Amino acid sequence: MKPICPNCHSAHVVENIDINTQSMSEHLFSPKLLASLGASFCKYYKINPMIGMVAGGAIATVINLAQQRLMQPPLLKTAIMPRYLCSTCQHTFSI
Ligand SMILES: [Zn+2]
């Protein structure tokens, strides 16, 4: 059964999965950022910055893998936050 827009009662509704949180965490835990964080950490403690970069990259990989595993069932996320976008009036709503 297709949802109907509560604003204009149009049936031209597309599923709109909110990916804002995902892209935000990707930005926060980007390997580049963590690598530079690790490098500056090592600079501060006078350790070879290469070790910090490698460690930061490894941490980023672990975090990304964990996130991918959490994000894996998109159906679960959709079940929690079902969002729909009306292509007629651009109204976003959830059921
Ligand atoms: Zn509408």
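Each remark here, short or long, concerns the structure printed above.
Conventions we followed
- Residues numbered from 1 in each chain as written.
- Predicted model: local features only at pLDDT ≥ 70, side-chain atom pairs only at ≥ 80, totals over all residues.
- Heavy atoms only, no water.
- Helix = DSSP H or I, 4+ residues; strand = E, 2+ residues; numbered from the N terminus.
- Buried < 20%, exposed > 50% of the residue type's maximum accessible area, 1.4 Å probe, protein only.
- Contact = heavy atoms within 4.5 Å.
- Donors = N, O, S within 2.8 Å, 3.2 Å for Na, K, Ca; no water.
- Tetrahedral: all angles 85-135°; square planar, octahedral: opposite > 155°, others 65-115°.

1. Re the overall build of the protein chain
Now for step 1: Within the protein chain one finds four helices and three strands.
Now for step 2: Along the chain direction, N to C, the helices and strands of the protein chain fall in the order β-α-α-α-α-β-β.
Now for step 3: Each of the 95 residues in the protein chain was classed as buried or not, and the buried ones make up 20%.
Now for step 4: Long-range contacts, defined as pairs at least 24 residues apart, comprise 59% of the intrachain contacts of the protein chain with a sequence gap of at least 6.

2. Thoughts on unusual backbone geometry
Now for step 1: The residue His-9 is not glycine, and still its phi comes out positive at about 60°.
Now for step 2: Structurally, His-9 can be placed in the segment before β1 (13-15).
Now for step 3: Taking the relative accessible area as the measure of exposure, His-9 reaches 61% and is therefore exposed.

3. Topic: the coordination of the zinc ion
Now for step 1: Those donors, Cys-5 (SG), Cys-8 (SG), Cys-86 (SG) and Cys-89 (SG), are the protein atoms that reach the zinc ion, and they lie 2.3 Å from it.
Now for step 2: If you look at the zinc ion, its four donor atoms make angles of 106 to 113° with each other, and the shape they trace is tetrahedral.
Now for step 3: We note that the donor set of the zinc ion lies within a single chain, spaced as C-x2-C-x77-C-x2-C. On the criterion of sequence distance, the pair formed by Cys-8 in the segment before β1 and Cys-89 in the loop between β2 (83-86) and β3 (92-94) is long-range, its members being 81 residues apart.
Now for step 4: You can call Cys-8 partly exposed: its relative accessible area is 31%.
Now for step 5: Given the relative accessible area of 29%, Cys-89 is considered partly exposed.

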